[in-house]
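# Architecture and fold: a report
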Amino acid sequence: IVEAARQYGVLRRLMAEQDCGGITLAGCLTTKPPCLAVSKLRDEGVVATCEGCTHGALGEMVSHALLGRPAFIQDPSPNTIDNTLIGAHCTSATKLKGPDSDYRAPFVLRNYHTRQGVSMQVLWPEGEPVTAIQFGWPKKTLMVGTGKIVSNVDQPPSGCCRTAVEITLDGCDDTRDVKGFHQLFILGNHERTLKQFGKLAGIEVSRIF
């Protein structure tokens, strides 16, 4: 935990030295991952993305600036039995309604799933609406889908990244058709706002499946 706090300080100093408002980190499986630090930055309204993911960083920036909420970058796993989509990663924010909101999602402080470092298992509010997005890059496109949070996947018995959110997607007949990778989950239904933003910004908006 002390080392995770140091990582937060290092990331803050790096951004200050480079005069930038966000950061994306390279692969994390071979080092002590800064998951806790990244979660904290997202709680503060800062873009902080895993695995050097450019389109994820762009999506986070838009979510913070346009919606005032953090976005959760995740690795997708379609649940073909229930036709749901499970998104899992180790860097979810807890201030899911934004840094200025009093709401903080409950969480469990855990080790990273490779037993290195510290990360949080953030429990997203079941039954609440959710939006899934993915930016295309360099082509200016934005894919959007809406649905509902149905569960937080228990670990064990499953084994995956610590925050694992299971959602439905409205109108999706088969969640294997969801496009892209590292899609972003945002608490709430923001489809209308994102479509309006697309018109203003000259960005093609389409369904995510």
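These lines cover the structure that appears in this document, whether it is placed above or below. (Residues numbered from 1 in each chain as written. Predicted model: local features only at pLDDT ≥ 70, side-chain atom pairs only at ≥ 80, totals over all residues. Heavy atoms only, no water.)

To continue, consider helix α3 (residues 54–67). Under the 1.5 Å per step criterion, the end-to-end length of α3 is 19 Å for 14 residues, consistent within 8% with the ideal 20 Å. Within α3, 10 of the 14 residues are buried, leaving the element largely enclosed by the surrounding structure. Listed in full, the buried residues belonging to α3 are His55, Gly56, Ala57, Leu58, Gly59, Glu60, Val62, Ser63, His64 and Leu67. Looking one or two residues beyond α3, the residue adopting positive phi is Gly68, at roughly 70°. (Helix = DSSP H or I, 4+ residues; strand = E, 2+ residues; numbered from the N terminus. Expected span 1.5 Å × (residues − 1). Buried < 20%, exposed > 50% of the residue type's maximum accessible area, 1.4 Å probe, protein only.)

The tally for this structure, following the rule as stated, stands at 2 aromatic pairs. Pairing Phe72 with Trp124 gives two aromatic rings, centres 5.7 Å apart and planes at 45°, and the pair type is tilted. Linking Phe72 in strand β3 (residues 72–73) with Trp124 in the loop between β7 (118–122) and β8 (129–136), this pair joins segments that are 52 residues apart in sequence. Considered together, Phe72 and Trp124 belong to a single accessibility category, that of buried residues. Within the aromatic cluster, the residues linked to one another by ring pairs are Phe72, Trp124 and Phe185. (Phe/Tyr/Trp six-rings, centres within 6.5 Å; stacked < 30°, edge-to-face > 60°.)

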